[in-house]
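If you want the building blocks of each chain, they are given just below.
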Amino acid sequence: MLVALSRVARFVKVLLQSASSRYQKLSLVGKALIWFILFFYFCATAFILVVTPARIAQFTYDFAQDIRHLPYGYTILIVLMIAVSFPPFIGHTTLLNLFGFTYGLQGFFPAAFASLAGSAIVFVTLRIMFSKRLRLWTSTNEKWQALEAVIRSRGIPLIILIRVSSFPPWAWSNSLFASIAPVSLFQFFIATLFILPKVMVYVFVGSRIARLSDGEQRNHMDTQTKIVNSLLVVGGVAISVLASSLVYHLMQKEIKRLHDSPSGSDELAAEALEATEEAPLLGSNSLSSP
């Protein structure tokens, strides 16, 4: 027991040190964004506590049903999904939950379409808008040249591994791949298909939450049904967390393998992967000059 607690303490310590190191490397805009997100979640938590979760859940359920009964209500969620696929917006996971919350398991199909379409639109848009500046930036950055060489040689398996990793987040991941010249739209689309199981999990969780949010449905549930639905929500979240942790572990293992490689280009590629916030379409100053 003590050994397990010690390992957890070491893991948390390493995680905090890594987070602190990444924070220090961020630009002023990046740091401001982090604080804005923290402030947003603090205000959201305070709002939930004051209004009460039950009233918010009922209001959200009623609003979701209003959207569902619109002739083309799903297009509203699809447009929102496309919008949050562009950095610096967030909310991809929340919208996946909302698809399930509004349409049940049938929400998987519009959610999958919106995720694939949104990511492809971001990829193409950024490539068209910044292609010239991207080539100029890449020609002067040795780490990025090494990363492109490694991805060119490893191909689709490495692209898929980076794509399904939980870091960087959705919108930033779209921008990251648009920054990597050897990645074609076809390869990017194929790699994005591998996030569909995660989409299904989040839609499923949203559909379960909807059943617990409506007071009328909740009042007709016996205790056992409520417990089963709650366990399904917790189980869905746990599966998502475990899958993300596994992919992150594999990603870190690949980075370590690149570091240990005798090839100097592999070492530089590993450093580029570790500092994704410095990617040409993510950094605040990377494309500031032609």
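Residues numbered from 1 in each chain as written. Predicted model: local features only at pLDDT ≥ 70, side-chain atom pairs only at ≥ 80, totals over all residues. Heavy atoms only, no water.

**Overview of the overall build of the protein chain**
(1) Moving on: Of the regular secondary structure elements, the protein chain holds 14 helices and 0 strands.
(2) Moving on: Start at the N end of the protein chain and walk to the C end: the helices and strands fall as α-α-α-α-α-α-α-α-α-α-α-α-α-α.
(3) Moving on: Counting over 290 residues, the protein chain shows a buried share of 38%.
(4) Moving on: Nonlocal contacts in the protein chain, meaning residues at least 24 apart in sequence, comprise 73% of its contacts between residues at least 6 apart. (Helix = DSSP H or I, 4+ residues; strand = E, 2+ residues; numbered from the N terminus. Buried < 20%, exposed > 50% of the residue type's maximum accessible area, 1.4 Å probe, protein only. Contact = heavy atoms within 4.5 Å.)

**What to know about the nonpolar core**
(1) Moving on: With 37 residues, the main nonpolar core has Met81, Phe99, Ile151, Phe177, Val183 and Val199 as its most contacted residues.
(2) Moving on: Elements with a minimum of two residues in this core: α4 (73-84), α5 (92-103), α6 (108-139), α7 (142-154), α8 (156-164), α9 (170-179), α10 (185-193) and α11 (196-213).
(3) Moving on: Residues within four places of Ile151 in sequence aside, it is in contact with Leu158, Ile159, Ile162, Ile180 and Val183. (Core = buried A, V, L, I, M, F, W, Y, C linked by side-chain atoms within 4.5 Å.)

**Concerning a nonpolar patch on the surface**
(1) Moving on: Taken together, the side chains of Phe36, Phe40, Tyr41 and Ile90 present a nonpolar region at the surface, about 450 Å² in accessible area.
(2) Moving on: Tracing the backbone shows Ile90 in the loop between α4 and α5. (Patch = residues over 30% accessible without salt bridge, like charges linked within 9 Å, V, L, I, M, F, W, Y side chains within 5 Å. Areas by Shrake-Rupley, 256 points an atom, 1.4 Å probe, with all protein chains shown as cover. Salt bridge = Lys/Arg side-chain N within 4 Å of Asp/Glu carboxyl O.)

**Considering the side chain of Gln65**
(1) Moving on: The residue Gln65 is located in helix α3 (residues 53-68) in this model.
(2) Moving on: Sequence-distant contacts of Gln65, defined by excluding residues within four places in its chain, comprise Phe101 and Thr102.

**Concerning the packing of aromatic side chains**
(1) Moving on: Enumeration according to the criterion identifies 5 aromatic pairs in this entry.
(2) Moving on: For the pair Phe40 and Tyr41, a centre-to-centre distance of 5.5 Å together with 70 degrees between the ring planes defines the contact as edge-to-face.
(3) Moving on: The structure contains a cluster of three or more aromatic residues connected by ring pairs, namely Phe123, Phe177 and Phe188. (Phe/Tyr/Trp six-rings, centres within 6.5 Å; stacked < 30°, edge-to-face > 60°.)

**Let's talk about the packing of α3 against α5**
(1) Moving on: Closest axis-to-axis distance for the α3/α5 pair is 8 Å, and the angle between their directions is 75 degrees. As the angle between them shows, α3 and α5 are arranged roughly perpendicular. Facing α3, whose interface residues are Ala57, Thr60, Tyr61, Ala64, Gln65, Ile67 and Arg68, α5 presents Phe101, Thr102 and Tyr103.
(2) Moving on: Class assignment of the residues belonging to the contact of α3 with α5 gives a composition of 6 nonpolar, 3 polar and 1 charged. (Axes fitted to C-alpha atoms, helices over the stretch in contact; angles between N-to-C directions. Parallel < 35°, antiparallel > 145°, perpendicular 65-115°, else oblique. Nonpolar A, V, L, I, M, F, W, Y, C, P; charged D, E, K, R; others polar.)

**Some words on the environment of Val122**
(1) Moving on: With respect to the helices and strands, Val122 occurs in helix α6.
(2) Moving on: Among the residues examined, Val122 registers a relative accessible area of 0% and is labelled buried.
(3) Moving on: Once the C-alpha coordinates of Val122 and Pro87 are considered, the two residues, 35 residues apart in sequence, prove to be 8.9 Å apart.
(4) Moving on: Those residues within four positions of Val122 in sequence are excluded, and the remaining contacts are Ser85, Phe86, Pro87 and Asn174.

**Focus: α5**
(1) Moving on: In this model, α5 (12 residues) spans 17 Å end to end at C-alpha, consistent with the 16 Å of a helix rising 1.5 Å per residue.
(2) Moving on: All of the buried residues along α5 are His92, Leu95, Leu96, Phe99, Gly100, Phe101, Thr102 and Tyr103.
(3) Moving on: In the segment just after α5, Gly104 is the residue with positive phi, at about 70 degrees. (Expected span 1.5 Å × (residues − 1).)

**Description of α11**
(1) Moving on: With 18 residues, α11 should reach 26 Å at 1.5 Å per residue; the first-to-last C-alpha distance of 25 Å fits that figure.
(2) Moving on: If you check which residues of α11 are buried, you get Leu196, Val199, Tyr202, Val203, Val205, Gly206, Ser207, Arg208, Ala210 and Ser213.

**Considering the confidence of the model for the protein chain**
(1) Moving on: Confidence along the protein chain averages 77 in pLDDT terms, with 72% of residues attaining 70 or more.
(2) Moving on: Of all secondary-structure elements in the protein chain, the lowest mean pLDDT belongs to helix α14 (residues 264-274), at 55, while α10 reaches the highest, 93.
(3) Moving on: pLDDT under 50 marks residues 284-290. Its contacts with residues more than four places away, or in other chains, come to 15 contacts. (pLDDT = per-residue confidence, 0-100.)

**Points about the side chain of Arg127**
(1) Moving on: In this fold, Arg127 is placed in helix α6.
(2) Moving on: Polar side-chain contacts of Arg127 include one of 2.5 Å to the backbone oxygen of Ile180.
(3) Moving on: In contact with Arg127, not counting residues within four places along its chain, are Phe177, Ala178, Ile180, Ala181 and Val183. (Polar contact = N/O pair within 3.5 Å; in protein donor to acceptor, adjacent residues only side chain to side chain.)

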